[in-house]
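Structural features, examined
As a plain string of letters, each chain reads:
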Amino acid sequence: MTIWSAETKEIEDLSLALKDCLPILEKELDRLIKADDENMVLVYARRCLEVIVTDLCESELNRSRKTEPLKGIIDKLNREEKVPSHIIASMHSLNSLSTFGAHPKEFDPEQVRPVLINLVTIFKWYLKFKNVEIYSVSEKKEKEKDIDTGEDKYHLLESGIFLDYKGPVDINTIELLLKKLKKTQLFADLNKPAGRRVYAIFVECLENISRHSLKKSENVELKDPYVTVKKQKDEIIIVTGNSVSEDNKSKLIRRLNQIINLDEAALKVLYDEKINHELNQDENGAGLGFIIMALKSGNRIKYSFTRINNNYSFFEIQISVGNYLIKRLIIKETDCSPRVILDPDKNIFEISGESRPQDVSKFYCDLLKWLDDFDRQLAKQQKISDPIVFNFNFEYFNSSSAKYILDFCRNLANLHARGNNITVKWHYEEDDEDMLEAGKEMSRIVKFPFEYIQLQVQ
């Protein structure tokens, strides 16, 4: 038995209790626990400190660590009073002694014990800082059981609802709720693109509540945070609520109003600006989460505030995701290939321009593959009443392209024959009888009537 076994056991207990909550730190702790050489214990203790300090650098100093030495970051955290002085002392002590493991020199194995004692002290403070509740292994299993069985504390329903949770949100809860969401049959039934979007928005919602929700106080009665994920027709609706201060309310309104009417292109520009912007001390990356939600959703975020008193309000947001999502296909027009917009989210389906691509097979095989995916998604949903209009507006297409265009139209005819409300509009200039006849010939071959749109010659 090593002389520092008691300290290692305490670290092991903490690590087991935190399983799946802080995976990077958990990995280094696991290596430390398994190490039986004093040098390696020091190395892994220092790596644990690195994980914690690097995270504090990003969250509290609002910048990446890059290659800056740990001591410099710890000193800055101290000067800006981001970390209590007694924790700073433990960090410096651990950092100083652990260098004997990274750069082997003569040292007394007894010195491993104070390193581990300091690590436990830092670790316990860090968990409180991250709003992680420390449970024993048995307590954590009991919490998982509560969620799995839908006990009152977690209010989890599975009758048309993915999740319905009300209560405190911390890192432990987030991990358990994410696992629960993945286990629901309703989530499993989503197509993969929709499922990925729902999951991403759900994560952002939970993390926002964990970071910014007000904690209950003896001085004021605050509602518990809540999050609900439910199916409504062909959409997945995510609704969350949490208490916020009046000062935070103003910031939220400003940030939401900034993004609420932006289209996808403008949101991406704003996202790039935000993620590359060096944050001020009071920003903490806020706003990025809402931009990500808007991009993943493709729909407008709805929000409201209910006044609790002069100092607090209850903030609620609602975000919807279409259940049947496939990746859109956008191809820019060139001198020899047409512009392609196949965008189910915006209900725009168009192929236009001149078609004589150098690799005609590759160009149209991508379109045909997209149409196969679209066919599979339409088969999963109820027949829709709104028409899906495919617009063909060719200036010219060569004989190599004609075969593939015909195949595309034949697949559209098959979709129509299966009861989907598909319309093909074939555009031609008023003096281009050849293009009109080409459309009529394709319509005849695939046995699907087109609509013909005459364009005025400019």
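It should be emphasised that the depicted structure is a prediction, and the values quoted were computed from it without experimental measurement.

A separate point is the sheet that holds strand β3 (residues 235–245). Spatially, five strands are ordered β1-β2-β3-β5-β4 in an open sheet, and the strand pairing comes out antiparallel. Only two strands of the sheet have a single neighbouring strand rather than two, namely β1 (161–166) and β4 (302–307). Adjacent strand axes in the sheet meet at a mean angle of 20° when their direction is disregarded. Relative to strand β5 (residues 312–322), β4 is paired through six bridges, and the arrangement is antiparallel. Residue pairing across strands places tyrosine 303 opposite isoleucine 317, the latter belonging to β5. Its contacts with the sheet place helix α11 (residues 246–259) against β3, β4 and β5, and it is angled at close to 145° to β3.

Helix length check: helix α16 (residues 433–446), at 14 residues, gives a terminal C-alpha distance of 20 Å against a target of 20 Å (1.5 Å per residue), a fit within 8%. All of the buried residues along α16 are Met435, Leu436, Gly439, Met442, Ser443 and Val446. Looking straight down α16, one finds that the buried residues subtend no more than 125° of arc, so they occupy a single side. Those residues of α16 that are exposed and angled more than 90 degrees off the buried face are Asp434 and Arg444. Of the surrounding secondary structure, the elements contacted by the buried residues of α16 are β9 (388–397), α15 (399–417), β10 (422–429) and β11 (451–455). In the segment just after α16, lysine 447 is the residue with positive phi, at about 60°.

Another point: the packing of aromatic side chains. Two measures describe an aromatic ring pair: the distance that separates the ring centres and the angle between the ring planes. A full pass over the atoms with the stated rule returns 21 aromatic pairs. A ring pair is formed by phenylalanine 349 and phenylalanine 374, whose centres lie 5.5 Å apart and whose planes are at 45°; its orientation type is tilted. With phenylalanine 349 in strand β8 (residues 348–355) and phenylalanine 374 in helix α14 (residues 360–380), the pair connects residues that are 25 residues apart, well separated along the chain. A relative accessible area of 3% means that phenylalanine 349 is categorised as buried. Both rings, one in tryptophan 370 and one in phenylalanine 374, keep their centres 5.0 Å apart while their planes meet at 15°; by these two values the pair is stacked. Taken together, the residues span about one helical turn, with tryptophan 370 and phenylalanine 374 both in helix α14 at a distance of four residues. By relative accessible area, tryptophan 370 is classed as buried at 5%. Among the aromatic residues, ring-to-ring pairing joins Phe349, Trp370, Phe374, Phe390, Phe392, Phe394, Phe397, Phe408, Trp426, Phe448, Phe450 and Tyr452 into one connected group. Directly above the ring of phenylalanine 314 sits lysine 223, whose terminal nitrogen or CZ lies 4.9 Å from the centroid.

Overall, the coordinates contain 18 salt bridges when judged by the stated rule. Its salt-bridge partner being lysine 251, residue aspartate 247 comes within 3.8 Å of it at the nearest N-O pair. Here aspartate 247 pairs with lysine 251, and both are found in helix α11, just four residues apart, close to one helical turn. A salt bridge links lysine 369 to aspartate 373; its shortest N-O distance comes to 3.5 Å. Within this pair, lysine 369 and its partner aspartate 373 are both found in helix α14, separated by four residues, close to a single helical turn. The class of aspartate 373 is partly exposed, set by a relative accessible area of 23%. Put simply, Arg63, Glu68 and Lys76 are held in one network by salt bridges that share partners.

For the rest of this paragraph, the subject is the packing of helix α10 (residues 192–212) against helix α13 (residues 288–297). A packed helix pair is summarised by two numbers, namely the angle formed by the two axes and the spacing between the axes. Their axes nearest at 9 Å, the elements α10 and α13 cross at an angle of 160°. When the axes of α10 and α13 are compared, the pair comes out roughly antiparallel. In the packing of α10 onto α13, the handedness of the crossing is left-handed. Residues Arg197, Ala200, Ile201, Glu204, Cys205 and Asn208 of α10 touch α13, and the partners they reach there are Gly289, Phe290, Ile292, Met293, Lys296 and Ser297.

For the rest of this paragraph, the subject is the side chain of glutamate 68. Within the fold, glutamate 68 resides in the loop between α3 (38–60) and α4 (70–79). Note on glutamate 68: relative accessible area 17%, which makes it buried. A polar contact is formed between the side chain of glutamate 68 and the side chain of lysine 76, at a distance of 3.0 Å. Filtering out sequence-adjacent residues up to four positions away, glutamate 68 remains in contact with Arg63, Ile73 and Lys76.

What counts, and at which threshold
- Residues numbered from 1 in each chain as written.
- Predicted model: local features only at pLDDT ≥ 70, side-chain atom pairs only at ≥ 80, totals over all residues.
- Heavy atoms only, no water.
- Pairing = 2+ DSSP bridges.
- Helix = DSSP H or I, 4+ residues; strand = E, 2+ residues; numbered from the N terminus.
- Axes fitted to C-alpha atoms, helices over the stretch in contact; angles between N-to-C directions.
- Contact = heavy atoms within 4.5 Å.
- Expected span 1.5 Å × (residues − 1).
- Buried < 20%, exposed > 50% of the residue type's maximum accessible area, 1.4 Å probe, protein only.
- Arc of directions from axis to C-beta.
- Phe/Tyr/Trp six-rings, centres within 6.5 Å; stacked < 30°, edge-to-face > 60°.
- Lys NZ or Arg CZ within 6 Å of the ring centre and 35° of its normal.
- Salt bridge = Lys/Arg side-chain N within 4 Å of Asp/Glu carboxyl O.
- Parallel < 35°, antiparallel > 145°, perpendicular 65-115°, else oblique.
- Left-handed = near helix turned anticlockwise from the far one by under 90°.
- Polar contact = N/O pair within 3.5 Å; in protein donor to acceptor, adjacent residues only side chain to side chain.

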